[in-house]
Amino acid sequence: GGGSGGGCGGRQHATRGASCSSSASSFSGAEAEPGGPSDGKSLPPPTAMSSQTGRGVQVLSSDPYAHLGDRGRSGSSPARGPPPSAIERYEADGRRNPYHGQPPPAVGAYVAGPPPAAAYDTGYDAYYRQYGTYPPPVQPPPTGYAYPPPGPAYTPPPAYGYPPPTSYPPPASYPPPAYPHHGYAAPPPGYPPPAYGYPPPGYPPPAYGYPPPGYSTPHPGYMPLPPRRRQSRDSSDDDSALGGGGAKNKRKRKRGGGGGDDNKKEAAAPVNLKAEQVLPRIVEAAKESDGSRWLTARIADAEACDDAERDKIYEAVLPESLKLASDLYGSNVMQKLFDRATEEQLKAMAEKLKGEIFNLSTHRYGCRVVQKLVELLPEEPQVALGSELRNRVVECVENMHGNHVVQMLVRKLPTTQFLFVLDAMVAAVDKMSSHMYGCRVIQRLLERCEHDQIRGLLAHVMANAAKLTKDKHGNYIVQCVLEHGPQEEKRKIMQVVREGFVEYARDKVSSNVVEKCFEVSTVGIDVDFLKESREALYRTVLGEDGDDTASSPLQQLYHDRFGNYTVQCVIKHSRGEDREALEKRIMASEAQLKESASGRHVIAALKKATGQAPDEDEDQAEAGQANSSTTPDAPSRGSLLHASGQCKPCAWFWKAQGCRNDQNCQHCHLCPEGELKDRKKGKRSRGDEKP
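> What is the right way to read the overall build of the protein from this model?
Per the secondary structure count, the protein includes 32 helices and two strands. Per-residue burial over the protein gives 40% buried out of 691 residues. Counting contacts in the protein only where the partners sit at least 6 residues apart, residues at least 24 apart contribute 71% of the total. Summing over all exposed atoms, the protein offers an accessible surface of approximately 39200 Å²; the carbon and sulfur share of this is 51%.

> Please explain the pattern of salt bridges as it appears in this structure.
Two side chains bearing opposite charge may form a pair once their charged atoms approach each other closely. Applying the stated criterion to the full structure yields 21 salt bridges. A salt bridge links R310 to D307; the shortest N-O distance between them is 3.6 Å. Placement of both R310 and D307 in helix 7 (residues 307-317) is noted, with a separation of three residues, approximately one turn of the helix. When the shortest N-O distance is used, the salt bridge between R310 and D311 registers 3.0 Å. With relative accessibility at 10%, the residue R310 sits in the buried group. Overlapping salt bridges bring together D307, R310, D311 and R340 as one network.

> How do you make sense of the packing of helix 25 (residues 531-542) against helix 28 (residues 576-588) when you look at a structure like this?
The description of two helices packed together rests on the angle between their axes and the distance between the axes. Contact geometry for helix 25 and helix 28: axes closest at 11 Å, N-to-C directions at 10°. In this view, helix 25 runs roughly parallel relative to helix 28, as classed from their interaxial angle. Touching R534, Y538 and L542 of helix 25 are D578, A581, L582 and R585, all from helix 28. The class makeup of the residues in the contact of helix 25 with helix 28 is four nonpolar, no polar and three charged.

> Hey, could you run me through the nonpolar core in this one?
The tendency in soluble globular proteins is for nonpolar side chains to be buried side by side. Of all hydrophobic cores here, the largest spans 102 residues; its most connected members are L295, L445, L446 and F518. Contact partners of L446, with chain neighbours within four places excluded, come to I454, L457, L458, I477, C480, V481 and H484.

> Can you help me understand the packing of aromatic side chains in this one?
Where two aromatic rings form a pair, the distance of their centres and the angle of their planes describe that pair. Using the criterion set out here, one finds two aromatic pairs in the structure. Judged by centre distance (6.5 Å) and plane angle (75°), the rings of F501 and F518 are edge-to-face. Within this pair, whereas F501 is found in helix 23 (residues 501-505), its partner F518 is found in helix 24 (residues 510-523), the two being separated by 17 residues in sequence. Each of the two residues, F501 as well as F518, counts as buried. Plain terms: the ring middles of F518 and Y538 are 5.2 Å apart, the flat faces sit at 80° to each other, and that makes the pair edge-to-face. One end of the pair, F518, is in helix 24; the other, Y538, is in helix 25, and 20 residues separate them in sequence.

> Explain helix 6 (residues 289-300) to me, please; I cannot follow it from the model alone.
With twelve residues, helix 6 extends 17 Å from end C-alpha to end C-alpha; this agrees with the ideal 16 Å at 1.5 Å per step. Within the span of helix 6, buried status applies to S289, D290, G291, S292, W294, L295, T296 and I299. In this structure, the buried residues of helix 6 make contact with helix 4 (275-278), helix 5 (282-286), helix 7 and helix 9 (330-340).

> Help me understand the side chain of D526, please; the structure alone is not making it clear to me.
Mapped onto the secondary structure, D526 falls in the loop between helix 24 and helix 25. In this structure the side chain of D526 is engaged in a polar contact, spanning 2.9 Å, whose partner is the side chain of Q487. Discounting residues that sit within four places of it in the chain, D526 has contacts with Q487 and K490.

> Can you help me understand the confidence of the model for the protein in this one?
Note: predicted coordinates in regions of low pLDDT should not be interpreted at a detailed level. In this model, the protein carries a mean pLDDT of 73, and residues with pLDDT of at least 70 account for 57%. Confidence over residues 616-631 falls short of pLDDT 50; this stretch has 19 contacts with residues more than four positions distant or in other chains.

> In this structure, what is going on with the side chain of S533? I would like to understand it.
Within the fold, S533 resides in helix 25. Classification of S533 by relative accessible area gives buried; the value is 10%. Apart from residues no more than four positions distant in its own chain, S533 is found in contact with R491, M494 and R498.

> I tried to follow the environment of Q382 on my own but got confused; where do I start?
Along the chain, Q382 falls in helix 13 (residues 379-386). Judged by its relative accessible area of 6%, Q382 falls in the buried class. Note: C-alpha distance between Q382 and K347 (35 residues apart in sequence) is 9.6 Å. Within the structure, the side chain of Q382 is placed 3.2 Å from the backbone oxygen of L377, a separation counted as a polar contact.

Calculation criteria
- Residues numbered from 1 in each chain as written.
- Predicted model: local features only at pLDDT ≥ 70, side-chain atom pairs only at ≥ 80, totals over all residues.
- Heavy atoms only, no water.
- Helix = DSSP H or I, 4+ residues; strand = E, 2+ residues; numbered from the N terminus.
- Buried < 20%, exposed > 50% of the residue type's maximum accessible area, 1.4 Å probe, protein only.
- Contact = heavy atoms within 4.5 Å.
- Areas by Shrake-Rupley, 256 points an atom, 1.4 Å probe, with all protein chains shown as cover.
- Salt bridge = Lys/Arg side-chain N within 4 Å of Asp/Glu carboxyl O.
- Axes fitted to C-alpha atoms, helices over the stretch in contact; angles between N-to-C directions.
- Parallel < 35°, antiparallel > 145°, perpendicular 65-115°, else oblique.
- Nonpolar A, V, L, I, M, F, W, Y, C, P; charged D, E, K, R; others polar.
- Core = buried A, V, L, I, M, F, W, Y, C linked by side-chain atoms within 4.5 Å.
- Phe/Tyr/Trp six-rings, centres within 6.5 Å; stacked < 30°, edge-to-face > 60°.
- Expected span 1.5 Å × (residues − 1).
- Polar contact = N/O pair within 3.5 Å; in protein donor to acceptor, adjacent residues only side chain to side chain.
- pLDDT = per-residue confidence, 0-100.

If you want it as structure tokens, here you go:
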């Protein structure tokens, strides 16, 4: 049982910390005979091992402490060094039998059951006390084995250098196409050089001139165009394309403000092109910035562009009409050509666009071409062009470009030919009346259709008047009904406004409707019919007699952000006794009104309506009185300073609608037309104000 101390075969001894090993440095666990040498010399283990069949524990071959005798087994000796090595044991005499008379087991034998008690001797205990573990098992190598192992001589593989032999197939991606490469001046031996040199044949390509081979030469009249100038973008679209409820109807909350013509930018610099540079290549030039500007100016000039030249431009443009209609610059040439084209030429170009009207109507540039065609075509081709949108009216109206085309159809087609637009709007009136673009089309229908044709549309507007009045888009429809609708509908809307006057007057959106009520009942065509409604509305504004408390309508509107504009409008359209009552009520609160900017605006509006000079212009009025002798019969108060050159030209006098203030206008009516524009140009040139 000498193998149990460092046993390796049985599972029950696996926790002892030992493992199976055949290392030459392992030790056996056999007990030494009594009276053995004690001089410290190592004794060899037995040379053979035996086995007993049926046992599961491998028996060790020797005891590493057999040479120590009893003295070594008692555990009283001082600490010893490491046990002898296997080589020392093999070199010693191996006549001792460590198995106490028992036949030694064969090499590799296994024993079933626990090892004999003799295997657990004091030698193992001493080893455990010294090293903390039991000695590992030892299994000597089989006899006759040496290193290197027997057999044919081992030949190491040859040390291959670089490059490999020529018979070794090189990779497909090697060698590199050009040398020197990565430090090599030439390809490795056995590798063929590249089939082509560097650069490859045909590289670089030949330097082609203009035109390249295979392209025809330009026409004889071709000349290179001058460098393109940087164009400034327009600040806003054309007013005609905005529709109702657009920029022209937006409330201006700042005092003053110039007219449209005064704020226009100066015309762009002329294009330095000649006819021989453009006319041979009309279509290409029409798609360029400078070429388009030259063509539009040329077509508009009837003296420079006669009928023959116009026909030449038309013949070049006609085959490319569809492409030019949706081009940034080409669309401008198309529109200008429509103005000069004959009726037959217009029909021919409309025929070229047939089938693409919806796509062009919803295109940024194509919509303008379609609008121009609808405006200029005779009735029959007009109807044919509009019929392409018959089943897609709502889709076109919801488009930011297409709605302008539908508005143009309503403006230009006979009333019996655009009923498909009316039917589509009535079917979707709930959505369209509050839609940004749908409200514009409904306004055009209210302006153009007979009252009997729009009964269904009016019924919806009147049923939702209170809601639409406060809607940011629907309020324009209510204003349009007040201006173009039947008398009875106007009266009903004024009644709705009167019932919620203060609420509507203080709202940014609905205050426009309130002001429209005062306007149509004072200067509209239905003044006599709306007289009672107007008087009732003024009574609502003034409140009860003598009611000047903070809860009165006027007191609530004086200092309101939007309500003060309603008060100014009420003052402007007041007449007779109503104006006197207003003036009395406002002047009673003059001291309070001067404390706020909105209050000062109210006072200024009252003085302007009554012909008094505003506070800031009193000094100028006095100066005007002093110079009145030099300007007899002045048409306005501002004209008194005309002789001294200190006057301010009126921005409205020379316009079609004229100045509504007449003699009470604080600006000059004697200045010639264009004087205001010239003065502003002079200020810009001097740098007095920003352009």
